[in-house]
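# A look at the structure
So the chains spell out like this:
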Amino acid sequence: MPSTPRVRFAPAPSGWLHVGSVRTALFNWLHARANDGVAIFRIEDTDASRATEESMDSMHDAMAWLGLDWDEGVRAGGAYGPYRQSERKELHRAVARRLEEAGVLYRDERTAEELEAWRNERRAADLAPIVKRSTTPGPAGDDRTATLRLQLPEEGTITVTDLVRGDVTWDWSHESDPVLVRSNGDVTYPLANSVDDIAQGVTLVCRGEDLLSVTPRQVFLYDLLTRDGLIDDALAEVGLPAREPDWTRPTEFAHLSMIVGMDRKKLSKRHGSVSIQEFARKGFLPETIVNYLALLGWGPEDGRERLDRDELVAAFGFDRVSRSAAAFDTDKLTAFNGERIRDLDEDELADRLVPYLDGTYPPSNPDTEDDAPDHEGGPVADWEPLVSSPPSAEERATLRGLVPLVQERMQRLDEVQRYAPAFFVDELTLEPASVQKVLGKAGAADVLRAAHRELQALDDWTAEAIEGALRPLADELGIGFGKVAQPVRVAVTGSQVSPPLFESIELMPRQRVLDRIEAAIPVAEDAGAG
RNA sequence: GCUCCCGUCGUCCAGCGGCCUAGGACGCCGCCCUCUCAAGGCGGUAACGAGGGUUCAAAUCCCUUCGGGAGUACCA
C-alpha cells in the first residue's frame, strides 16, 4: 500500500478550462490536501492536432488565479515527469511494444471508413457495434497498416468500486476492444492515460462521469501493465524514473456528476461554459469560485456554505459527494461573491478594484451585464479607464475613500464601474432618465440653489457638516428630505442611484461639487419647463 | 438500439426506517430600517417523478415504470 495518496488532474489542452473541469481539478486538489497527498497536474496532449500551447498556458494561469497549487506538473516539476504526455511518447511506445510481444494486442486492419460502415450495419440490425478479436477479420495483406487493439475478456463481469457511486458492474461481452495504437503509430488516450497513471503512482482517479464507461478497460490495462513488471521494464528501457516499489496500481475511482445549466441542459454560454478567466473579468473573486464549485455536488456535514480554502480541505471527503448532476446557478454564485466582497478588508478591496478601473478589465456590454459571464458581451467600445495604471497617489486615495461607500452595494467587483465615474471624471454626464425623473420635478431647481448656497458657506467639508447643511433644507422648503437629496444626488453623481449622499459629497473636492450643482440648475429649469 | 449513471423546493445541499406537519442556502414575495440603491432584520412561497411491495412505521429498503444524462471514435 502506498503511504501517500496521489491524485492527478489531467486535462487535454484543447480549449479553456470551464467550471466543470475546474470543479474536477478542485476535488482532486481537495482530496490531496485533505489527506496529506500529492496533487499532480498532467497535460494530456496525445492528440497533437487538437492541443495548443495557448490552451495549456491558460489552464495553468487559471489554476494560479484560483490559488490551487500543484505539487507536480508541467510548471511545478517533480520526480515523475515529464508531465506533458507528448513528451512521454517513448514510454508509451515501449509499453505498446511489450504488450504486443505479450500477445494481448492484435491487429485490426480495417480502415476508419470500413469500421464506420460496419458499425452502421450493426446498428441498423439493432446490434451493438462491439469490436472483439473473435469477430475481427484476419490479416488481409502484409502491406496494410493496422491499429493495435487490446484484447478484452469475451465474457464474465468486472466490478469497480467508485467512491461516489458505489459498486458498478459491467459485462465484458458488452465492452469493445479499444484501439491502443493508431495506424500511424501514435498511441491513444486509453494507453497513455493508463500508463502515466501507473508510472506516476496515481492512487485515486477522480474525473468526470463521462469517463465512467471507460473504467473497465482501464482497470484491465492497469493489471496488464503491472502484472509482470511490464511497466517497470519499459520505464527502465526509456530511462524514466522507476515507480515506488511497494505500489501496485490505482485502487480507487471517483466519478463526478456533470455540471449542467439551469435549464438542465448541457452547460451553455449563458450558464458559465466559458473560460474560468472570464469570471475574473466579470468581477468574481477566485475564493468565491472555489467555495461555490466545492458546494456543487458536495457539502460539509454541518451544512455550512461559506467556507474558505482551509475549511474546505478540513471538511472534504468523497463520501459526501452527490451522485446527481448539479445545475450551475449564477445567482447563487453572485450572492456568494457579494458576501465575500463585504468580508474583504477595505485596503484589500481597494487593491482588487484597481483592474476594473485602470482598463485591465473593461466593462461588459449592458445587454449581458446582468447575466452570466459571457463572451458575447465583449468590452464596451468607448469606455475610458478611470484611473491610470498604476493609479496615482491621488487616485488611490479617492478609491480608498470610495471603498467603504460601495463595499456593501456590490455583488461583483466590476460593479465599481457603475459608481466610480462621478468620483474620477471632471466632466460629469447626467443620466437622461434621472434628469427627467428627478430634476424635472417641480422645485428641483430651488433645492439645488439652496444646496449650493449652504454648501458654499460650509466651514468643514465632512459628511457630518454636509448633512447638517442639507437636512434643514427640507423644513425650509417644506418638503421631505428625499425631495432634497435626490436632486442633489443627480446633480453631483449624475444618477438617482449612488452611494450615500453626504459621504459621496465629502469624497469630492468642494469646488467640483459646487460646480456640478450650479451646472445642474439650468438643466433642472429646462427639464421642469419641458 | 445497446451499456452504464442519476431522480427531495425553480436551483444547490441536508435527510441514510420513527426526531419530517421534510431542514438550511440562493432566488422570489411581503414587512421593518432608510437620503437613492444596497446591506441588514423579520416573515412567507415552494419539493420527496409515478405505481406496486416490505414494515407497526418509508423521502429513506426492494421491484416496476417514467423521466433525465453519459458512453457507444484510429477524441480525450
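Residues numbered from 1 in each chain as written. Chains lettered and ligands numbered in written order. Predicted model: local features only at pLDDT ≥ 70, side-chain atom pairs only at ≥ 80, totals over all residues. Heavy atoms only, no water.

Let us look at the overall build of chain A. Along chain A, the regular secondary structure elements total 23 helices and 12 strands. A globule of 530 residues ought to have a C-alpha radius of gyration of about 24 Å, yet chain A, at 31 Å, is considerably larger. Seen through its C-alpha atoms, chain A measures out along the principal axes to roughly 100 × 50 × 40 Å. When each of the 530 residues of chain A is scored for burial, the buried share is 52%. For chain A, the computed accessible surface area is about 23900 Å², with 48% contributed by carbon and sulfur atoms. Across chain A, the mean location of the 60 positive side-chain charges is 4 Å away from that of the 94 negative side-chain charges. (Helix = DSSP H or I, 4+ residues; strand = E, 2+ residues; numbered from the N terminus. Rg over C-alpha atoms; globule rule 2.2 N^0.38 Å. Buried < 20%, exposed > 50% of the residue type's maximum accessible area, 1.4 Å probe, protein only. Areas by Shrake-Rupley, 256 points an atom, 1.4 Å probe, with all protein chains shown as cover. Lys, Arg positive; Asp, Glu negative; His and termini not counted. Charge placed at Lys NZ, Arg CZ, Asp CG, Glu CD.)

Here the focus is the protein's contact with RNA strand B. Around RNA strand B, a shell composed of 67 residues is seen, among which Arg-165, Arg-182, Arg-264, Glu-408 and Arg-409 lie nearest. Of all atoms in RNA strand B that approach within 4 Å of the protein, 70% are sugar or phosphate atoms. Arg-409 is positioned such that a nitrogen or oxygen atom in its side chain is 2.2 Å from a base nitrogen of RNA strand B. Broken down by secondary-structure element, the contributors of at least two residues to the surface near RNA strand B are α4 (112-124), β5 (147-150), β7 (166-171), β12 (326-327), α11 (330-343), α21 (481-493) and α22 (501-507). Taken together, the residues of the surface near RNA strand B sort by class into 27 nonpolar, 13 polar and 27 charged. (Near = heavy atom within 4 Å. Polar contact = N/O pair within 3.5 Å; in protein donor to acceptor, adjacent residues only side chain to side chain. Nonpolar A, V, L, I, M, F, W, Y, C, P; charged D, E, K, R; others polar.)

What follows deals with the sheet that holds strand β4 (residues 105-108). Spatial strand order, β4-β5-β8: 3 strands in an open sheet with antiparallel pairing. Pairing within the sheet leaves two strands with one partner each, and these edge strands are β4 and β8 (179-181). Sheet twist, expressed as the average angle between the axes of neighbouring strands with direction ignored, equals 45°. When β4 meets β5, the two strands line up antiparallel, connected through 4 bridges. (Pairing = 2+ DSSP bridges. Axes fitted to C-alpha atoms, helices over the stretch in contact; angles between N-to-C directions.)

By size, the foremost hydrophobic cluster in this structure holds 59 residues, and its most contacted members are Phe-424, Leu-448, Leu-455 and Ile-505. No other element matches helix α18 (residues 444-457), which puts 7 residues into this core. Counting residues domain by domain, this core receives three or more from each of domain 3 (344-423) and domain 4 (426-529). By size, the runner-up hydrophobic cluster in this structure holds 50 residues, among which are Ala-39, Phe-41, Ile-43 and Ala-62. (Core = buried A, V, L, I, M, F, W, Y, C linked by side-chain atoms within 4.5 Å. Domains from an automatic or database assignment.)

Should their charged atoms come close, side chains of opposite charge can pair. Taken as a whole and judged by the stated rule, the model has 40 salt bridges. Across the salt bridge formed by Asp-69 and Arg-33, the nearest N and O atoms sit 3.3 Å from each other. Remark: Arg-33 occurs in helix α1 (residues 19-34) and Asp-69 occurs in the loop between α2 (53-66) and β3 (72-73); sequence separation between them is 36 residues. Where salt bridges share partners, they join Arg-8, Arg-42, Glu-44 and Asp-197 into one cluster. (Salt bridge = Lys/Arg side-chain N within 4 Å of Asp/Glu carboxyl O.)

This next bit is on the packing of helix α3 (residues 89-101) against helix α7 (residues 230-238). Taken N-terminus to C-terminus, the directions of α3 and α7 make an angle of 135°; their axes are 9 Å apart at the nearest point. Judged by the angle between their axes, α3 and α7 are oblique. By crossing handedness, the relation of α3 to α7 is classed as right-handed. Contact residues: Glu-90, Leu-91, Ala-94, Val-95, Arg-97, Arg-98 and Leu-99 in α3; Leu-230, Ile-231, Asp-233, Ala-234, Leu-235, Glu-237 and Val-238 in α7. The residue inventory of the contact of α3 with α7, partitioned by class, reads 9 nonpolar, no polar and 5 charged. (Parallel < 35°, antiparallel > 145°, perpendicular 65-115°, else oblique. Left-handed = near helix turned anticlockwise from the far one by under 90°. Contact = heavy atoms within 4.5 Å.)

Attention now goes to the packing of aromatic side chains. The full count for this structure, using the stated rule, is 14 aromatic pairs. Between Tyr-356 and Tyr-361, the aromatic rings sit 5.1 Å apart at their centres with planes inclined by 35°, giving tilted as the arrangement. Since its relative accessible area comes to 23%, Tyr-361 is described here as partly exposed. Members of the aromatic cluster, each reached through a chain of ring pairs, are Phe-279, Phe-284, Tyr-292, Phe-328 and Phe-336. Positioned above the aromatic ring of Trp-118, the side-chain terminus of Arg-110 is 5.1 Å from the ring centre. If you follow Arg-471 out to its NZ or CZ, it ends over the ring of Phe-481, 4.6 Å from the centre. (Phe/Tyr/Trp six-rings, centres within 6.5 Å; stacked < 30°, edge-to-face > 60°. Lys NZ or Arg CZ within 6 Å of the ring centre and 35° of its normal.)

This part is about the pairing of strand β1 (residues 6-9). The side-chain alternation of β1 yields two buried faces, one formed by Arg-6 and Arg-8 and the other by Val-7 and Phe-9. Of the pairings in the sheet, the one linking β1 to strand β2 (residues 38-41) comprises 4 bridges and is parallel in character. In the strand pairing of β2, Phe-9 is matched with Phe-41. In this fold, the crossover linking β1 to β2 by way of α1 has right-handed handedness. (Right-handed = clockwise from strand over helix to strand, strands pointing away.)

Running from N to C, helix α17 (residues 432-439) and α21 point in directions that differ by 155°, and their axes come no closer than 10 Å. With respect to α21, the element α17 is oriented roughly antiparallel. Considering the relative orientation of α17 and α21, their crossing is left-handed. Of the residues in α21, those touching α17 at Ser-434, Val-435, Val-438 and Leu-439 are Gln-486, Pro-487 and Val-490. Looking at the contact of α17 with α21, its residues break down into 5 nonpolar, 2 polar and no charged.

So, about the domain arrangement of chain A. Structurally, chain A comprises domain 1 (6-81 + 257-327), domain 2 (85-256), domain 3 (344-423) and domain 4 (426-529). Taken together, the contact pairs 23 residues of domain 1 with 33 residues of domain 2. Here domain 1 packs against domain 2, burying approximately 2500 Å² in sum over the two surfaces, 50% of which is carbon and sulfur. Of all residues in domain 1, the largest losses of buried area upon contact with domain 2 belong to Arg-8, Thr-46 and Tyr-80, amounting jointly to 28% of the total for that side. (Buried area = accessible area lost by both parts, 1.4 Å probe.)

All right, on to the confidence of the model for chain A then. Averaged over all residues, the pLDDT of chain A equals 90, while 94% of them reach at least 70. Note that residues 366-377 has pLDDT below 50 and, in this model, 32 contacts with residues that lie over four places away or in other chains. The ipTM assigned to the predicted complex is 0.94, against a pTM of 0.92. (pLDDT = per-residue confidence, 0-100.)

It is worth spelling out helix α5 (residues 189-199) at this point. Where burial is concerned, most of α5 is hidden: 10 out of the 11 residues are buried. Along α5, the positions that sit buried rather than exposed are Pro-190, Leu-191, Ala-192, Asn-193, Ser-194, Val-195, Asp-196, Asp-197, Ile-198 and Ala-199. Elements that come into contact with the buried residues of α5 comprise β1, α3, β8, β9 (204-208), α6 (215-227) and α7. Of the residues one or two after α5, Gly-201 is the one with positive phi, at around 70°.

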